[in-house]
There are 4 protein chains.
Amino acid sequence: MTEKTIPGSAPLPSREAVEQAFREAYEIGRAVTITGKVADYIPELAKANPRDFGIAMLDGEGHSLAFGDADTRFSIQSVCKVIILAFSLKVKGFRETFSHVMMEPSGDAFNSILKLDTRSNLPFNPLINAGAIQLVSTMAERFSFEDLLGFARELCMDPEICLNEAVYHSEFDSGDRNRAITYLLKSKGVLRGDPEKTVDLYFKLCSMAVTARSLASLGLVISNDGVNPISGEHLIDREYVRTIKSLMFTCGLYDSSGRFGVMVGVPGKSGVGGGLMCAARGPMGIGLYGPALDEFGNSVAGVKAMEHLSRRLNLHVFDY
Amino acid sequence: MTEKTIPGSAPLPSREAVEQAFREAYEIGRAVTITGKVADYIPELAKANPRDFGIAMLDGEGHSLAFGDADTRFSIQSVCKVIILAFSLKVKGFRETFSHVMMEPSGDAFNSILKLDTRSNLPFNPLINAGAIQLVSTMAERFSFEDLLGFARELCMDPEICLNEAVYHSEFDSGDRNRAITYLLKSKGVLRGDPEKTVDLYFKLCSMAVTARSLASLGLVISNDGVNPISGEHLIDREYVRTIKSLMFTCGLYDSSGRFGVMVGVPGKSGVGGGLMCAARGPMGIGLYGPALDEFGNSVAGVKAMEHLSRRLNLHVFDY
Amino acid sequence: MTEKTIPGSAPLPSREAVEQAFREAYEIGRAVTITGKVADYIPELAKANPRDFGIAMLDGEGHSLAFGDADTRFSIQSVCKVIILAFSLKVKGFRETFSHVMMEPSGDAFNSILKLDTRSNLPFNPLINAGAIQLVSTMAERFSFEDLLGFARELCMDPEICLNEAVYHSEFDSGDRNRAITYLLKSKGVLRGDPEKTVDLYFKLCSMAVTARSLASLGLVISNDGVNPISGEHLIDREYVRTIKSLMFTCGLYDSSGRFGVMVGVPGKSGVGGGLMCAARGPMGIGLYGPALDEFGNSVAGVKAMEHLSRRLNLHVFDY
Amino acid sequence: MTEKTIPGSAPLPSREAVEQAFREAYEIGRAVTITGKVADYIPELAKANPRDFGIAMLDGEGHSLAFGDADTRFSIQSVCKVIILAFSLKVKGFRETFSHVMMEPSGDAFNSILKLDTRSNLPFNPLINAGAIQLVSTMAERFSFEDLLGFARELCMDPEICLNEAVYHSEFDSGDRNRAITYLLKSKGVLRGDPEKTVDLYFKLCSMAVTARSLASLGLVISNDGVNPISGEHLIDREYVRTIKSLMFTCGLYDSSGRFGVMVGVPGKSGVGGGLMCAARGPMGIGLYGPALDEFGNSVAGVKAMEHLSRRLNLHVFDY
């Protein structure tokens, strides 16, 4: 195993070492699936198999790896917040986007209403429900679900992403907390669009059916300055990508973002559907799927696997 | 101006470009000092000259730069929390340290009591008052102020750091909110040491008199894997340094940590004395001193200067 | 002026003294209307004349008094919460009613979401929005607006109470905070009925058009053990009336309930439409209408007039 | 059993009926002591016998009743807040007293810090720790513990009230939450006296050793317009007594004040030492002692006994 050493940067391991590390990470992740619990607040999510686990990797040279349930489709859930943020930055720019949401970690559960009502009128950041809903409300008039779906397919290099109707209806039926957040934002004069149209679009975006492989592609685009390295297409501005990664680092894993930053040190975004998308340096995109969740709503297997990968492949962004 | 390009990493600028960027940053920072306000909740701090501003830089090859008030002594205030954390990691290790504090960004003001009382018994992270006080309480029995002062001198490569008695007494007299935090932690059974001894040591640590140059050295040690590049001395374990930088990134600038992460992208820690310490890659330590503060308690000049440096020198950690 | 003295109780003043006290109270109230501000969060409420003020009194022997705008119709707003509570007690009884709401003063603004989300799943009491909405949700399936309107007409001895359509539509259009509260209750599994049906019925109940005279009748029924002293009809059980009065005393005037209890000492319920209904001993019902509100949402004239009446007529319940 | 009927007031039962009701209340209270738990946050309190229960009654004609442990001494704890409030009203008057505390029920636990830090700088009312501590701070310079002890002895007609040194020391050692409250008030500029002197005096006041009989006397003075009916001495102004009763009604039983108001309807004040003092109409003072507490910190036996007495003797203040 040879390692290329770069001055002022951590060594990049060989391709064999990378494959070996992913295989180990897969085994480690699979083993801990039994310690988590599938989300049940949306009935449709409760149907997932808690023992499922898959990892996919895609790097800048087009090499890919896949282990386990890397092609199983699941609902993207909160990972779609990264796509919503990227879309908002693309169509409205930095300044307008951040006139609608702040960029501070909230230190609160993903669906906290407390913070919204006591501290500030603007949602704390775009990666919590209130922030994502607020950004969706600014798009709901001019853009359709299809527009955002198209953008998601490009970023994920996956033309088969579609709406999971069953999840969408389940989401719609049990999304009362998100409705409460939406009406609270409306009552404060922060959200200006139509509340029902807004939550409907938000529920659809959360219900997009992706795979670990789709998330690996998304992660790669983000880790590669917004460029799809295969097609060469420029999908997100470099400057915006930096912003997205910063926010993923500080706010990407709910109430466990700080710990993930310390233990893994890679910008990531999790969803209660079991997805975890990471944008590692290299560039390297990593997508993980494990619906058994920890107490914070993150995939137990996904987090454990990433801890291993970070250690073995020197992925920690503060290992400079 | 030649730039060395590293695959998978941002280009490192020439020494001339670095010097030019620092000169510009100094001018930009100096110009905005008029928009801030010196801290006045501790009488002694109110005596600082709001127009003061200084920057110091130190890199891994021993080159240094200094502009403006880089040798003015001021009280370290919250920047000492990084030293407290490093000391705790050194003497107690990772596991025990994080049995006393969590590692989550709080999304609350530096002296929030709300969070402490509603969400959790453990302080959110070691870089807010409650967290630092909690760590100090675990040391107050076994270690004296002199022990920590010695460690601070080593990290800052500055044997002249001493206690500013006037600030210490001012701190002691007006530190009622910190006493409230300490007694609240005590009443919850979290803080086990003696409250008065704990706040006394904490006030002393906040009152250490440093310069922008001292903070540049501290930043360099942190950006250089915990090693003093001049003496070769290993002061903090590499693994702990990673943890420190992660926490600085997510929690280092009070309620503006998220914005600093997006706009600057360098691990930093600010203090209400006007200090700002940054650990940039290179390795490069940057110390700034500008006592005129913004609404969040961060040096206005320091933050503005860092925004410029990050852009001009590609220091943003997510520019990979 | 002769006064009947009752051992162990405050003396009851003569009829002339009563009339004189009401005349003074009217003048005092009228004079302070200029210090208040008409509610504007619902556009239709903003149309009220801030200088309007009226008082009506009705006692157990059928004597009545009226000063100023005692026959002006205005929307009942939060005073309807007393009717909702009385209706719930009547059709569901004490035990079931208080399985849906608690009976504690909240010490929070009438539309607080904070308390709902941090302390308890059940609304604090039936006289804040969350509590009233929760009770309405338990009725919305079995009872129509007309059923409750009929009950309101009986209690207020006012067959002309009707829905103010303009207020109802205004309410409906700007009721996002109440929708947020409703969906939050729904998401917590506390509210079991249909959210939209619930808020619709709640908005209608708040939009009933009453007069100061209607509120005096309501107050009299409550102060007379639930019996209409003119018809002899038993409208609310004696035991329930006691509960209603207790809750009016502890929670009837929003964040100023404690002060009203100290300064006036009579069970009262205010509404942002400018109404104030009091159930004084005697029995005596007092209805006041003054749309200029204080910072807490209570009629400035109404509160001042009641302070005078309480002092002059020994109405304070703790003057035993 | 003959009952005297008073127009506009509930009938007063005969002396035999009163004695019988108290005997029943004693039996009922004694039976439920097993459902409560003795306070243990102060070690000295944990030593009380959970099965102890006593009731004492004293009326305006000097008749008294006593059952069970009516002469057992216990620490007055929060019941002293009524004495502190009465003393403040006496020496500073209404206006100055309520420039230091508000008069709103807090809807929060007796030692809530949350409310103090988010809503207002002034404590919510004088019957929660923050409010009582604030009032004590305004007295600590001019008055000694002996001054307040003397006043307590007069109100309780009990010259043997003294400081329970063991409780005081226990209190002092474990009073960190009260210290946190005190320093928080100090840091907000609300509390102006010396924090340590303030908590010391407060702890002493909480440690006064009283009996159920002492509390019955205190209740009688309050229910008799502030006059000791035996000596004829005027101890508290009539107007202040009304204020005290109102605040006892809205805030006297911690987070269960609203329920006590509904179910019992008599101004009361409880303490975690197991004491409960009630000022019923008649006039009639009732003192209860039962150290087994419910989840809110109120004597289980005391509350149950009062529910029975209120029903049997028509004591509910809203039964007019």
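See the structure shown above.
Residues numbered from 1 in each chain as written. Chains lettered and ligands numbered in written order. Predicted model: local features only at pLDDT ≥ 70, side-chain atom pairs only at ≥ 80, totals over all residues. Heavy atoms only, no water.

Draft legend 1. Up close: the overall build of chain A. Per the secondary structure count, chain A includes 12 helices and 10 strands. Referenced to the eigenvectors of the C-alpha coordinate spread, the extents of chain A come out at roughly 60 × 40 × 35 Å. For chain A, the residues scored as buried account for 68% of the 320 residues in total. Contacts in chain A between residues at least 24 apart in sequence constitute 68% of all its contacts with a sequence separation of at least 6. (Helix = DSSP H or I, 4+ residues; strand = E, 2+ residues; numbered from the N terminus. Buried < 20%, exposed > 50% of the residue type's maximum accessible area, 1.4 Å probe, protein only. Contact = heavy atoms within 4.5 Å.)

Draft legend 2. Just the pattern of salt bridges, in detail. Per the stated rule, a full pass over the model turns up 65 salt bridges over all chains. Where E61(A) meets R15(A), a salt bridge forms, and the shortest distance between an N and an O atom there is 3.2 Å. With E61(A) in the loop between β2 (54-59) and β3 (64-68) and R15(A) in helix α1 (residues 15-32), this pair connects stretches of sequence that are 46 residues apart. For R15(A), a relative accessible area of 44% corresponds to the partly exposed category. Here D319(D) ties to R242(C) by a salt bridge, and the two come within 3.1 Å at their closest N and O atoms. (Salt bridge = Lys/Arg side-chain N within 4 Å of Asp/Glu carboxyl O.)

Draft legend 3. Molecular detail of the interface of chain B and chain A. Contact with chain B, which involves 42 residues of that partner, is made by 42 residues of chain A. Carbon and sulfur atoms make up 58% of the area that chain B and chain A hide from each other, which totals about 3,600 Å². Contact with chain A buries surface across chain B, with V262(B), F318(B) and Y320(B) losing the most and accounting together for 20% of the total. Inspection of the chain B/chain A interface yields four salt bridges. When the shortest N-O distance is used, the salt bridge between R238(B) and D319(A) registers 3.4 Å. Our count for the chain B to chain A interface comes out at 16 residue pairs in polar contact (both at pLDDT 80 or more). Looking at the side of chain B that touches chain A, the elements that each hand over two or more residues are α10 (238-251), α11 (257-263) and β8 (275-280) of chain B. Residues of the side of chain B that touches chain A, tallied by class, amount to 17 nonpolar, 13 polar and 12 charged. (Buried area = accessible area lost by both parts, 1.4 Å probe. Polar contact = N/O pair within 3.5 Å; in protein donor to acceptor, adjacent residues only side chain to side chain. Nonpolar A, V, L, I, M, F, W, Y, C, P; charged D, E, K, R; others polar.)

Draft legend 4. Summary view of the relation of the copies chain B and chain A. Its rotation angle being 180°, the transformation that places chain B on chain A also includes 0.0 Å of axial translation and leaves an RMSD of 0.0 Å. Accordingly, the operation relating the two chain copies is best matched by a two-fold axis. Of the residues that chain B buries at the interface, 100% are likewise interface residues in chain A, meaning the two copies contact each other through the same surface. (Least-squares fit on C-alpha atoms with pLDDT ≥ 70 in both.)

Draft legend 5. Spatial organisation of unusual backbone geometry. Of note, the amide linkage connecting G282(C) to P283(C) takes the cis form, showing an omega dihedral of 5°. If you trace the backbone, P283(C) turns up in the loop between β8 (275-280) and β9 (284-289). With a phi angle near 45°, Q77(A) is a residue other than glycine that sits in the positive phi range. Overall, Q77(A) belongs to the buried group, its relative accessible area being 2%. Its identity is not glycine, yet M157(A) carries a phi of approximately 45°, on the positive side. Positionally, M157(A) belongs in the loop between α5 (145-155) and β5 (162-163).

Draft legend 6. Up close: the sheet that holds strand β3 (residues 64-68) of chain B. Residue and element names in this part refer to chain B. Taken together, five strands build an open sheet; the order of strands is β3-β2-β9-β8-β7 and the sheet is antiparallel. At either end of the open sheet lies a strand with only one pairing partner, and these are β3 and β7 (268-270). Each strand of the sheet is rotated relative to its neighbour by a mean of 10°, with strand direction disregarded. The sheet contact formed by β7 and β8 spans three bridges and is antiparallel. Across the sheet, the residue bridging to K269 is M277, located in β8. In the packing of helix α1 (residues 15-32) onto the sheet, contacts are made with β2 (54-59), β3 and β9 (284-289), and the angle to β3 comes to roughly 25°. (Pairing = 2+ DSSP bridges. Axes fitted to C-alpha atoms, helices over the stretch in contact; angles between N-to-C directions.)

Draft legend 7. Highlighting the side chain of S256(D). Tracing the sequence through the fold places S256(D) in the loop between α10 (238-251) and α11 (257-263). Take S256(D): its relative accessible area is 9%, and that puts it in the buried class.

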